[in-house]
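# A look at the structure
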Amino acid sequence: MNVTAKGMPASKEQRGLKSRRAEALASRIEEGAAGLAAFAAQLSEEQWSTPVSASDRRPVGVIVHHVATMYPIEIQVAQAVAGGKPVIDVSWEGVAELNAKHASEHSEVTKTAALELLKKNSREAADAVRALTDDELDTAAPFSLSFGAPVTAQFVIEDHALRHSWHHLARIRKALGR
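### A few points about the nonpolar core
In this structure, Ile29, Val64, Tyr71, Leu118, Ile157 and Ile172 are the most contacted members of the largest nonpolar core, which totals 49 residues. When contributions to this core are tallied by element, the ones reaching two or more residues are helix H2 (20-41), helix H4 (60-82), helix H5 (92-105), helix H6 (111-130), strand E1 (140-143) and helix H8 (153-176). At 13 residues, the largest contribution of residues to this core is made by H4. Residues contacting Tyr71, with those up to four places away along its chain left out, are Ile29, Ala33, Leu118, Asn121, Ser122, Ala125, Ala161 and Ser165.

Encoded structure:
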């Protein structure tokens, strides 16, 4: 085992074992968040308040804040899978309830607050992903949002924290005809 001068286990960085895959995933998270932030920053107040769709009546601003709010949760799930722990207590019904509660509690979110949270939480999510090893990215565990299939931590990152900003930006652009 590699140890530091104080006899503590050496970190990945100290051992020079940074994962290129983790870096690439983290960079894509940052890219997606930056794209969403850049688009949202130039919206008018009317556009900020526009519902995203007839089926999803949440305003654009609430959606931007929602993406920001979800990063810590999405990363916790990925870290659990990276540690080989099954994630079996998450359901799509629970996600819908969480989203509805969020929309209710943040219906008046300001652009400044949403964009600051998006920047902070996406940066922290990217940093957490950068800390993962290739072995952790390759670790699979049952995941209830994937019907209990044993999926890898990398899949969870790609399908949730990475994809989320891209998905909602596309929906916002469609809602605004842009």
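And the narrative resumes.
### Points about unusual backbone geometry
Even without a glycine there, the phi angle at Phe147 is positive, about 60°. You can see Phe147 is positioned in the loop between E1 and strand E2 (149-152). The class of Phe147 is exposed, set by a relative accessible area of 80%.

### Structural notes on H8
The end-to-end C-alpha separation of H8 is 34 Å, in line with the 34 Å expected for 24 residues at 1.5 Å each. Of the residues one or two after H8, Gly177 is the one with positive phi, at around 65°.

### Topic: the environment of Glu45
Following the sequence through the fold, Glu45 ends up in helix H3 (residues 45-48). Residue Glu45 is classed as exposed on the basis of its relative accessible area of 54%.

### Focus on the pattern of salt bridges
One pass over the structure, following the stated rule, counts 10 salt bridges. As a salt-bridge pair, Arg21 and Asp138 come within 3.0 Å of each other at their nearest N and O atoms. Placement of the pair is Arg21 in helix H2 and Asp138 in helix H7 (residues 134-138), with a sequence separation of 117 residues. With a shortest N-O distance of 3.4 Å, Arg163 and Asp159 are connected by a salt bridge. Here the residue Arg163 and the residue Asp159 both occupy positions in helix H8, the gap between them amounting to four residues, near one helical turn. Through salt bridges with shared partners, one network takes in Glu23, Glu30, Asp127 and Arg130.

### So, the packing of H4 against H6
Relative orientation of the contacting elements H4 and H6 amounts to 20°, with a least axis distance of 9 Å. When the axes of H4 and H6 are compared, the pair comes out roughly parallel. Between H4 and H6 lies a crossing whose hand is left-handed. Taken together, the residues of H6 that come into contact with H4 (itself represented by Gly61, Val64, His65, Val67, Ala68, Thr69, Tyr71, Pro72, Ile75 and Gln79) are Ala114, Leu115, Leu117, Leu118, Asn121, Ser122, Ala125, Ala128 and Val129. In terms of residue class, the contact of H4 with H6 is made up of 13 nonpolar, six polar and no charged.

### Some remarks on the side chain of His65
If you trace the backbone, His65 turns up in helix H4. Those residues in contact with His65 that lie beyond four places of it in its chain are His102, His106, Val109, Ala114 and Leu117.

### Some points on the confidence of the model for the chain
Predicted confidence across the chain gives a mean pLDDT of 91, with 90% of residues reaching 70 or more. In the predicted structure, residues 1-5 sits below a pLDDT of 50 and forms 11 contacts with residues beyond four places in sequence or in another chain.

Calculation criteria
- Residues take numbers from 1 onward in each chain, read along the sequence in its written order.
- In keeping with the predicted nature of the model, local features appear solely for residues at pLDDT of at least 70, side-chain atom pairs appear and are counted solely at 80 or more, and the whole-chain, interface and lining totals rest on all residues.
- Side-chain measures here rest on the full set of heavy atoms in the structure, leaving out hydrogens and waters.
- We call a set of buried residues a nonpolar core when its members are Ala, Val, Leu, Ile, Met, Phe, Trp, Tyr or Cys and they connect through side-chain atoms within 4.5 Å of each other.
- Summary of the burial criterion: residues with accessible area below 20% of their type's maximum are buried, those above 50% are exposed, and those between are partly exposed, where the area comes from a 1.4 Å probe applied to protein chains only.
- Secondary structure follows DSSP: runs of H or I at least 4 residues long count as helices, runs of E at least 2 residues long count as strands, and numbering of each begins at the N terminus.
- The contact definition used throughout considers only heavy atoms, calling two residues in contact when any of these lie within 4.5 Å.
- Expected span of a helix: the number of residues minus one, times 1.5 Å.
- Every case where a carboxyl oxygen of Asp or Glu lies within 4 Å of a side-chain nitrogen of Lys or Arg is listed as a salt bridge.
- Simply put, an axis is a line fit to the C-alpha atoms, just over the touching stretch for a helix, and the angle between two N-to-C directions goes from 0 to 180 degrees.
- Every angle not falling under 35 degrees, over 145, or within 65 to 115 is termed oblique; those three ranges are roughly parallel, roughly antiparallel and roughly perpendicular.
- Each helix crossing is assigned a hand: it is left-handed if the near helix lies turned anticlockwise from the far helix by less than a right angle, otherwise right-handed if that turn is clockwise.
- Residues were grouped as follows: Ala, Val, Leu, Ile, Met, Phe, Trp, Tyr, Cys and Pro as nonpolar; Asp, Glu, Lys and Arg as charged; and all remaining residues, including Gly, as polar.
- On a range of 0 to 100, pLDDT expresses the predictor's confidence in each residue.

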